[in-house]
Amino acid sequence: MSLEPYKVYAIKYATLQKQASENFIGGVGGGDLHEGPMPMDYFVWLAQNATNTWVIDTGFNADMALKRGRDFLRCPGEGLRLLGVNPETVSNVIVTHLHYDHIGNFQLFPQARFHLQEAEMAYATGRHMGNSFLSGAYEVDDVVGMVRRVYEGRVEFHKGDTQLAEGLSVHWVGGHTLGLQVVRVWTQKGWLVLASDASHYSANMKTGRPFPIVASIPQMVSGWQRIRELADKAELIIPGHDPQVMQQFPVAGDGLDGIAVRLDC
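Model, not experiment: these values are computed from the prediction.

Quick notes on the rules
- For every chain, the first residue of the written sequence is number 1, and numbering continues from 1 onward in sequence order.
- Local features in this predicted model are restricted to residues whose pLDDT is 70 or higher, and side-chain atom pairs enter the listing and the counts only when it is 80 or higher, whereas totals over whole chains, interfaces and linings include all residues.
- In computing side-chain properties, one takes all heavy atoms of the structure into account and sets aside hydrogens as well as water.
- A run of H or I in DSSP counts as a helix once it spans at least four residues, and a run of E counts as a strand once it spans at least two, with each numbered from the N terminus.
- In this analysis, the expected span of each helix is defined as 1.5 Å times one less than the number of residues it contains.
- Exposure classes here rest on a 1.4 Å probe applied to the protein chains alone. A residue is buried below 20% of its type maximum, exposed above 50%, and partly exposed in between.
- Note that the arc is computed from the directions linking the helix axis to the C-beta atoms.
- Whether two residues are in contact is decided by their heavy atoms, any of which lying within 4.5 Å being enough.

Colleague: Report on helix α6 (residues 140–151), specifying residues and quantitative values.
Modeller: Taking 1.5 Å per residue as the helical rise, α6 with its twelve residues ought to reach 16 Å, and the 17 Å between its terminal C-alpha atoms agrees with that figure. Within α6, the full set of buried residues consists of Asp142, Val143, Gly145, Met146 and Arg149. Angular distribution of buried residues about the axis of α6 spans 155°; they occupy a single face of the element. Exposed and facing more than 90 degrees away from the buried side of α6 are Val140, Asp141, Arg148 and Tyr151. For α6, the elements touching its buried residues are α3 (100–103), β6 (113–117), α4 (118–124) and β7 (155–158). Gly153 sits one or two residues past α6 and shows a positive phi near 75°.

Encoded structure:
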């Protein structure tokens with residue numbers, strides 16, 4: 001294939017100590033799942049080649065970490081700068097969905113267009129937000145901030161599957177939220193999929209047991225199959241919050257241990 005491959009990075013900016021039973025509907029029940037510590041890491045992602053730079057999600061800030069009891073390690077913008085990317089000059093940000101930990105730092109990207117599924121904006125501003133279970137992972141100020149950027153002409157809506165550039169596309173899967181999208185990227189290893197919260201941990205997808213924050217379980221299960229079709233192999237499916245990502249992939253460069261890993265090599 002003659003496509004120019006992307007380098008793809010996971011940038012860790014926060015963490016949370018949890019038990020395994022908190023990460024699966026119905027808790028743990030034998031097999032490969034056993035009760036015990038199962039922390040959650042928080043990431044933003046970067047896909048870059050000689051032609052394009054794409055930031056995927058924007059994370060949250062120190063104030064939100066304090067509000068929600070997360071261990072904040074560094075501003076996601078700092079992680080990007082360590083990889084040579086200045087958030088203030090980024091042109092394109094893909095938003096997998098509008099939960100607080102994926103869109104909370106949109107202000108760091110004053111020049112960016114935000115790429116979002118139309119279904120996600122409809123969901124985050126619609127009648128379901130009157131239910132605290134469904135709205136709990138949204139922050140109203142973040143959602144309103146995105147609405148303001150719609151009025152500024154800075155949000156590009158997508159409906160389903162869209163190719164954004166050669167070798168990079170977004171794909172609606174729903175499930176975790178009704179407008180969740182995943183990102184497919186061409187790399188030197190083949191087609192890689194940033195699954196975001198379609199599968200918080202590899203084990204959610206592997207065992208067929210969803211994470212407890214979910215808008216539609218049937219959509220989530222169907223989304224897993226779609227992700228498998230989009231990726232060239234299982235190891236190129238990158239879960240959204242799994243600490244194993246930082247262990248299974250090489251450090252992105254000198255001084256980046258514990259901060260960023262390279263997903264495409």
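Picking up where we left off.
Colleague: I'd like a description of the environment of Leu116, backed by residues and values.
Modeller: Here Leu116 shows up in strand β6. Residue classification places Leu116 among the buried positions, given a relative accessible area of 1%. Spatially, the C-alpha atom of Leu116 lies 36 Å from that of Gly36, the residues being 80 residues apart in sequence.

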